[in-house]
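# Results of the structural survey
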Amino acid sequence: MNVDDLVRDAFQEEVGADSVTASPHLADRVLSLRRRRRTRRLASLAATTAVAVAVGVALPLLGGSGHGVRPASEMNRSDIIAHPDQSPPKDLIAAGDTVLSAFYVSKNVKQPNGDSVSQRVYGLLDQKAGTYKQADWAFLDVAPGSRTAAVLEGELPAKRIGLLDLTTGEVDRWITLDRGVAAVAFSPDGTKLVATTYAKNPDRNFADHPQNVNGKVVPGPVPSRTGFSVVDVDSGKTDWHKAPLRKDKTGLFGNNRREDFEWSHDGTLVYARTVLKPFREYYRLDGDRADRPAEEKAVGQAEAALSPDGKLAAGGFAGHGTTIASAILDPRTGEQITTVPGQQLLAWADDKRLIAWGCDPKKCGGKGEFRNQLLLVTIGTDKVVPLSDFRKASDDYPGRWSPLFSSR
């Protein structure tokens, strides 16, 4: 019997002895935390088990009905799982504590009335097979631990959120909403979702709202964000707060069709990236506006944002000439600490390594800025480890793919 089985048995004994009603997937949640934190000693596991049972009623059901099957991201615990010959990827990619849990391409679909809709086609991690399978959800986000995805059906805005088990590929349950949403994002601890509400589909261009693109008149977007809902994953309870798009001094919204809400690093606030200064608007979970946290003062547009320990911030492009590099910043002051050989910083693998778009200098010289692949870069070194092949389209995914990351 392995350590995981011992922990599960310990849960059953604790629950039976104390008559505590615990989630059927509680053991898997605790095991996921154990693996991410690299806790190896059985004594520590026993202590974690006792605490988890005591607070079990507060944990959401993120294990899914496939909890008896070990996820592929746990079966292979290699520090780096790379497939530099695959683009778009077919098999699991991971580095450190982070896994490529999904990717998507967008395709423009003309509508009979002259409108057009930008539809996403996802490649979503199948945790049973360890591969990416095509999924036609309109929008999704993957929970910490990479066991569950929150999914939205098209056409947006959707009136319910599905909790999809990444092992079985089935939706375990639906959370019904009283307002249409077009984006969802899990909180850092996985217990909540922030769902951005819209009156119209932000991915639809409307023929009766034309725009001029490179001298050609084409259908245009209609800004329609109304606010956000904070959703408790376990109970399904939702609290909606009004937060429309801001206008500039001329009364225009800017060019963003989407300004979706995300979570602050510590999960106490939500924010949306904007095209208007200060480029991020923060809200408390009760709907009141909030100041930008001091620890996120220098966080910019880089998707990687803060390191897991909060001590470093991913910055923008800092290369020069033929040198490709991105900045690593002090998150409070914005002072550049160093650079890493990546073009665009996407996610932290741990406190010292990041996943980035970039080029291995030995293979990429003279190919242009759009020839890029997923790389693992390490602060303080020039070492790069290719994780995927160079980005390109395929028959299944007709467009340049964009990655989504979550913790293992």
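Higher on the page you've got the structure.
Everything in this summary refers to the structure shown in the same document. (Residues numbered from 1 in each chain as written. Predicted model: local features only at pLDDT ≥ 70, side-chain atom pairs only at ≥ 80, totals over all residues. Heavy atoms only, no water.)

## Some points on the overall build of the chain
From N to C terminus, the chain includes five helices and 26 strands. Within the chain, the proportion of its 408 residues that are buried is 50%. Pairs at least 24 apart in sequence give 51% of the contacts found in the chain among residues at least 6 apart. Only carbon and sulfur atoms are counted for the fraction: they give 50% of the accessible area of the chain, which is about 19300 Å². (Helix = DSSP H or I, 4+ residues; strand = E, 2+ residues; numbered from the N terminus. Buried < 20%, exposed > 50% of the residue type's maximum accessible area, 1.4 Å probe, protein only. Contact = heavy atoms within 4.5 Å. Areas by Shrake-Rupley, 256 points an atom, 1.4 Å probe, with all protein chains shown as cover.)

## Examining the environment of Lys-128
Examined against the element boundaries, Lys-128 turns out to sit in the loop between β4 (116–126) and β5 (131–135). When residues no more than four places from it in sequence are discounted, the contact partners of Lys-128 are Val-69, Leu-166 and Thr-167.

## What about the packing of aromatic side chains?
Counted according to the given criterion, the structure contains ten aromatic pairs. Between the aromatic rings of Phe-103 and Tyr-397, the centroid separation amounts to 5.0 Å while the plane-to-plane angle is 65 degrees, which identifies the pairing as edge-to-face. One end of the pair, Phe-103, is in strand β3 (residues 98–110); the other, Tyr-397, is in the loop between β25 (384–386) and β26 (402–407), with 294 residues separating them in the sequence. Comparing Phe-103 with Tyr-397, the two get one shared label, buried. Within the aromatic cluster, the residues linked to one another by ring pairs are Phe-103, Tyr-132, Trp-357, Tyr-397 and Trp-401. Seen from the ring of Tyr-283, Arg-289 lies directly overhead, with NZ or CZ sitting 5.0 Å from the centre. (Phe/Tyr/Trp six-rings, centres within 6.5 Å; stacked < 30°, edge-to-face > 60°. Lys NZ or Arg CZ within 6 Å of the ring centre and 35° of its normal.)

## Quick notes on the sheet that holds strand β18 (residues 289–290)
Pairing is antiparallel across the open sheet formed by four strands, whose spatial order is β15-β16-β17-β18. The outermost strands of the open sheet, each flanked by one partner alone, are β15 (261–263) and β18. Where strand β17 (residues 280–284) and β18 come together, two bridges link them in antiparallel fashion. Residue pairing across strands places Tyr-283 opposite Arg-289, the latter belonging to β18. (Pairing = 2+ DSSP bridges.)

## Describing the side chain of Ser-229
Checked against the element boundaries, Ser-229 lands in strand β13 (residues 225–232). In this structure Ser-229 comes out as buried when scored by relative accessible area, which is 3%. With residues up to four places along the chain from it excluded, the contact list for Ser-229 reads Leu-193, Val-194, Ala-195, Thr-197, Asp-239 and Trp-240.

## So, unusual backbone geometry
Backbone torsion omega between Ser-87 and Pro-88 reads -5 degrees, so that peptide bond is classified as cis. Residue placement: Pro-88 occurs in the loop between β1 (80–81) and β2 (94–95). Cis geometry is found at the peptide bond from Leu-156 to Pro-157, where omega equals -5 degrees. Looking at the element boundaries, Pro-157 is found in the loop between β7 (148–152) and β8 (158–165). Of note, Asn-214 is a non-glycine position whose phi angle comes to about 55 degrees, a positive value. Topologically, Asn-214 is positioned in the loop between β11 (204–213) and β12 (216–220). Of note in this structure, Ala-305 is not a glycine but carries a positive phi near 55 degrees. Checked against the element boundaries, Ala-305 lands in the loop between β18 and β19 (313–317).

## Quick word on the sheet that holds β8
Across a sheet, paired strands are connected by hydrogen bonds in the backbone, their directions being either parallel or antiparallel. Ordered by their spatial adjacency, seven strands build an open sheet running β6-β7-β8-β9-β10-β13-β14, and the pairing between neighbours is antiparallel. In this open sheet, the two edge strands, each paired with only one partner strand, are β6 (139–142) and β14 (238–242). The average undirected angle you get between the axes of adjacent strands in this sheet is 30 degrees. Relative to β13, strand β10 (residues 192–198) runs antiparallel, the two sharing seven bridges. Counted as the bridge partner of Thr-196 is Phe-228 from β13. (Axes fitted to C-alpha atoms, helices over the stretch in contact; angles between N-to-C directions.)

## A short note on the pattern of salt bridges
Applying the stated criterion to the full structure yields 17 salt bridges. Among the salt bridges present, the one from Arg-353 reaches Asp-79, with a minimum N-O distance of 2.8 Å. Of this pair, Arg-353 sits in strand β23 (residues 353–358) while Asp-79 sits in the loop between α4 (72–75) and β1; the two residues are 274 residues apart in sequence, bridging distant segments of the chain. Residue Arg-353 is classed as buried on the basis of its relative accessible area of 14%. Residues Arg-225 and Glu-281 are paired through a salt bridge, measuring 2.8 Å at the closest nitrogen-oxygen approach. Here Arg-225 is found in strand β13, whereas its partner Glu-281 is found in strand β17, with 56 residues between them in sequence. (Salt bridge = Lys/Arg side-chain N within 4 Å of Asp/Glu carboxyl O.)

## A short note on the nonpolar core
Ranked by internal contacts, the top residues of the largest apolar core, which has 33 residues, are Leu-124, Leu-140, Leu-152, Ile-161, Val-184 and Leu-193. Counting residues per element, the ones that place at least two in this core are β3, β4, β6, β7, β8, β9 (171–186) and β10. Among the elements that take part in this core, β9 stands out by supplying seven residues, more than any other. Beyond its immediate sequence surroundings of up to four residues, Leu-140 is in contact with Ala-102, Tyr-122, Leu-124, Ala-150, Val-151 and Leu-404. (Core = buried A, V, L, I, M, F, W, Y, C linked by side-chain atoms within 4.5 Å.)

## Side note on the pairing of β23
Counting buried positions over the six residues of β23 gives six, a clear majority of the element. Side chains of β23 alternate between two faces, with Arg-353, Ile-355 and Trp-357 and Leu-354, Ala-356 and Gly-358 buried alike. Where strand β22 (residues 344–348) folds back on β23, the antiparallel hairpin that results is connected by four residues. As paired strands, β23 and strand β24 (residues 373–378) are joined by six bridges and run antiparallel to one another. Bridge assignment links Ala-356 to a residue of β24, and that residue is Leu-375.

## Concerning the pairing of strand β21 (residues 336–340)
Examined bridge by bridge, strand β20 (residues 326–329) and β21 share four bridges and lie antiparallel to one another. Residue pairing across strands places Ala-327 opposite Thr-339, the latter belonging to β21. The turn joining β20 and β21, which pair antiparallel and follow one another in sequence, is formed by six residues; a positive phi near 80 degrees is taken by Gly-334.

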